[in-house]
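A look at the structure
Below, each chain spelled out in residue letters.
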Amino acid sequence: MDSTLVSTMAGGPQVVTFALDELLRRGESIQEVIVVHLSPQADPLTGQAIIKLSAEFADDHYAGRPCRLRFFPIRRGQEKLDDIRDEADADAAWSSIHGLISTLKAQQRHLHVCITGGRRILALVAMSAAMLHFDHHDCLWHMYTPAEFLERARNGAIMHARPEDGVRLI
């Protein structure tokens, strides 16, 4: 059954590819990846991560399979948020992510949501939206990455983990 991976991300594009690679190894058929992030204008690492991640999805393919990549910046109205500094920003983040997950579920999508990358509050907001909309086909994931490997992979230095690297979805 085709699924969609939604992943939070900041400056580490490898979070997305590590999660996607693991799901594909498990036999999941992922047709689309949606990356939730804050504005890259405020954080050069996020901008670099977007460029690096885009290169992994040439012509809407990933590792030789059809898979569309889409970026989903958190917004308040038309403004892309560069951080979550107060309750208004947190409300905007909740509305954005809730709307995304609600829309995907209305399209009958099966979701894998990885909450490892980006600001911690994005993970909390995504978890809240998942609690409202998920059914038994959907999964919320956190990623375990051994400290030594995490340091070597930082900022996309390594984009694909091998099973022996110890990266796991929990």
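So, here's what we can say about the structure. Quick caveat, the model's predicted, so the values are computed rather than measured. (Residues numbered from 1 in each chain as written. Predicted model: local features only at pLDDT ≥ 70, side-chain atom pairs only at ≥ 80, totals over all residues. Heavy atoms only, no water.)

With that settled, the discussion passes to the overall build of the protein. In terms of regular secondary structure, the protein is built from five helices and eleven strands. Here the C-alpha atoms of the protein give a radius of gyration of 15 Å, agreeing with the 15 Å that 2.2 N^0.38 yields for 170 residues. Counting over 170 residues, the protein shows a buried share of 50%. Taking all contacts inside the protein whose residues are at least 6 apart in sequence as the whole, residues at least 24 apart take part in 75%. Of the roughly 8,600 Å² of accessible surface on the protein, a fraction of 52% belongs to carbon and sulfur atoms. Averaged over its 18 positive side-chain charges, the protein has a centre that lies 2 Å from the centre of its 22 negative ones. (Helix = DSSP H or I, 4+ residues; strand = E, 2+ residues; numbered from the N terminus. Rg over C-alpha atoms; globule rule 2.2 N^0.38 Å. Buried < 20%, exposed > 50% of the residue type's maximum accessible area, 1.4 Å probe, protein only. Contact = heavy atoms within 4.5 Å. Areas by Shrake-Rupley, 256 points an atom, 1.4 Å probe, with all protein chains shown as cover. Lys, Arg positive; Asp, Glu negative; His and termini not counted. Charge placed at Lys NZ, Arg CZ, Asp CG, Glu CD.)

Roughly 300 Å³ of volume is contained in the largest pocket. Around the largest pocket, the lining is made up of 15 residues, and of these Gly12, Gln14, Val15, Gly117 and Leu150 lie nearest the centre. In terms of residues, the lining of the largest pocket owes the most to one element, helix H1 (residues 14–25), which gives three residues. Of the pockets and cavities examined, the second largest pocket occupies roughly 160 Å³. (1 Å grid on protein atoms, 1.4 Å probe; cavity = no way out; pocket = protein on both sides within 12 Å on 5 of 7 lines; lining within 4 Å. Points joined across faces, edges and corners; volume = space filled by probe spheres on them.)

Next up on the list: empty space enclosed by the protein. All told, the structure shown has one cavity of 30 Å³ or more when counted by the stated rule. Considering only enclosed or pocket space, the largest cavity measures out at about 30 Å³ in volume. Around the largest cavity sit Val6, Thr8, Val36, Ile97, Ile101, Val113 and Ala126, which together line it. Those elements that provide at least two residues to the lining of the largest cavity are strand S1 (2–8) and helix H3 (87–106).

Judged by how many residues are buried, strand S2 (residues 29–37) sits mostly within the fold: seven of nine residues are covered. Two elements, S1 and S2, share seven bridges in a ladder whose sense is parallel. Looking at the pairing, Ser7 lines up with Val35 of S2. The parallel pair S1 and S2, bridged by H1, forms a crossover whose chirality is right-handed. Note that S2 and strand S5 (residues 68–73) share six bridges and pair parallel. The partner of Val35 across the bridge, within S5, is Phe71. (Pairing = 2+ DSSP bridges. Right-handed = clockwise from strand over helix to strand, strands pointing away.)

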